[in-house]
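Close look at the chain arrangement
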Amino acid sequence: MKKNYLFVAIVIIVNSAFAQQRQGGGGGRPQEAPQSTTSATQAPTRVNMKTDSTVTIKNEITIKGEKVSYTAIAGTSPVLDGDNQPIANVFYTYYERNDIKNKESRPLVISFNGGPGTPSVWMEIGYTGPRILKVDDEGYPVQPYGMKDNPNSILDIADIVYIDPVNTGFSRPLIKDGIAQKFFGVNADIKYLAAWINSFVSKHKRWASPKFLIGESYGTTRVSGLALELQDAQWMYINGVILVSPTGLGIDRNGPVASALIVPYYAATAWYHKALSSDLQKRDLSEYLPEVEKFAVDELLPAITKGGSLSAEKRKEIITKYAKYTGLSEKVVSEYNMAIPTNFFWKELLRDKGYTVGRLDSRYLGIDRQDAGERPDYNAELASWEHSFMPAMNIYLRDELGFKTDLSYNLFGSVYPWDGTNDRTGYNLGKAMAENPYMHLLVQSGYYDGACDYFNAQYNMWQIDPSGKLKSRMSWEGYRSGHMMYLRKEDLAKANDNLRKFIKKAIPKEGVPAKY
């Protein structure tokens, strides 16, 4: 790291895996129950922990050949209740470019990860931030652990704030009672974070700035809901929403639809691991996948829907194609009635070679205690990422930024019990875009992500905008990696460049009105 000029303003010391899996299990690490979930109507018992704790440093990096001087502020800011009393500390890291005189036209990017119980660490030190962790060119851990400059960061064209929801990272509740009701649920999460963003924007005088929400994994559920909540409850209008490896966003796809939409991901993974016949294997992925997508929608979906009424001849035809496209045996496809669970696929594809494939990134290989079974013993990719990110983030926050605390950094914090009911975040995103003619949407997906797969991400877009009236403001991009596509060096550069293009496109020319 270049020499820092440390300005410590400590008043008092005091956010990925990721979206819930669509088939067979949840995301991330098991979560423990919080201290109490008593009625939210009771007067809360408060925790003795002070708020508004910050450290500030100045630094300089080179992005795309340009020297960028910036200020980084790391600290906590409170969530307030209806009586303006602090009920939680939210930890954040805020980066501002120093040579910007007029912030009215300077974009502000508001960044979240997912879990829902994980902090913003993944995109901050893996994707868009000015400092990133040391990994190899494909994203695997290396030692010694540590950080390096990110020559692809979007800090050259936008300021960024990374926000850790309650009980993730260094964020903590300041009350002992009613924690789950206030913070741990789809809609509770969106509500308190929208109010916190309002406070942050006011404090840092960013109301005039074009604003963008970016979320990864469950963070896409979060920012899709925030797009409408900020407009309707905080009167804050957003220029763009970026969904990185999106969840299902509360859009129904159970039964045959879910079983059919996952198959292009299976095909991509089989292609990567050279598990296909030679005639398919020699084709490029970009040429191969459209054929599988067409099969999934036009042939497989109707076949699964018809179930037992399907003729034996047609059933045999579909099973043969399914097996050919995915590298699985016809026997297995038949036994599962053309509806292969993801857990089984991850275990089965390379079973004969003694490996499992990763859930969030199928390029990663795992080894199980025994080759038999219906699901892998662990997520190979997640174990690798935890290996890389946890040391690097502690080094960065505690040593480089100088944030002093005795708290443990919650890479996966307890947000149990999480209330997932009444999730309409995808539809709410569509409504927010309809309300706001300025708002644009960008979706980024990795072809080898099996938890938040790329074809389901496209399905989200079709259902958010069933009439096609928003199509000109929506775009999708695919990358030859997994859930965190940016860990692959080639995709880190490409994805950040695409963010730059999107941000610039979503900012209207001066004086152009927001109207239809």
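These numbers come from a predicted model, not from an experiment.

About the cut-offs
Residues numbered from 1 in each chain as written. Predicted model: local features only at pLDDT ≥ 70, side-chain atom pairs only at ≥ 80, totals over all residues. Heavy atoms only, no water. Salt bridge = Lys/Arg side-chain N within 4 Å of Asp/Glu carboxyl O. Helix = DSSP H or I, 4+ residues; strand = E, 2+ residues; numbered from the N terminus. Buried < 20%, exposed > 50% of the residue type's maximum accessible area, 1.4 Å probe, protein only. Phe/Tyr/Trp six-rings, centres within 6.5 Å; stacked < 30°, edge-to-face > 60°. Contact = heavy atoms within 4.5 Å.

**Section: the pattern of salt bridges**
- On inspection of all chains with the given rule, the structure shows 28 salt bridges.
- Note that Arg222 and Asp189 form a salt bridge whose closest N and O atoms lie 2.7 Å from each other. Note that Arg222 is positioned in helix H4 (residues 218-233) and Asp189 in helix H3 (residues 186-203), a separation of 33 residues in sequence.
- The buried category is assigned to Arg222, whose relative accessible area is 1%.
- With relative accessibility at 1%, the residue Asp189 sits in the buried group.

**Notes on the packing of aromatic side chains**
- Scanning the entire structure with this criterion turns up 31 aromatic pairs.
- Seen from their ring centres, Tyr95 and Tyr162 are 5.8 Å apart, and the 80° between their planes marks the pair as edge-to-face. A residue pair is termed long-range when its members are at least 10 positions apart, and Tyr95 in strand S4 (residues 86-97) and Tyr162 in strand S8 (residues 159-164) qualify at 67 residues.
- For Tyr95, a relative accessible area of 1% corresponds to the buried category.
- Considering the side-chain rings of Tyr447 and Trp476, the 6.1 Å spacing of their centres and the 65° angle between planes classify their relative orientation as edge-to-face. Placement of Tyr447 in the loop between strand S14 (440-446) and helix H14 (454-464) and of Trp476 in strand S15 (residues 474-479) is noted, with a sequence separation of 29 residues between them.
- The rings of Tyr447, Tyr454, Phe455, Tyr459, Trp462 and Trp476 are connected pair by pair, giving a single aromatic cluster.

**Quick notes on the environment of Met433**
- On the secondary structure map, Met433 appears in helix H13 (residues 425-435).
- Taking the relative accessible area as the measure of exposure, Met433 reaches 0% and is therefore buried.
- For Met433 and Ala158, which are 275 residues apart along the polypeptide, the C-alpha to C-alpha distance reads 22 Å.
- Discounting chain neighbours no more than four positions away, the residues touching Met433 are Met439, His440, Leu441, Leu470, Arg473, Met474 and Tyr516.

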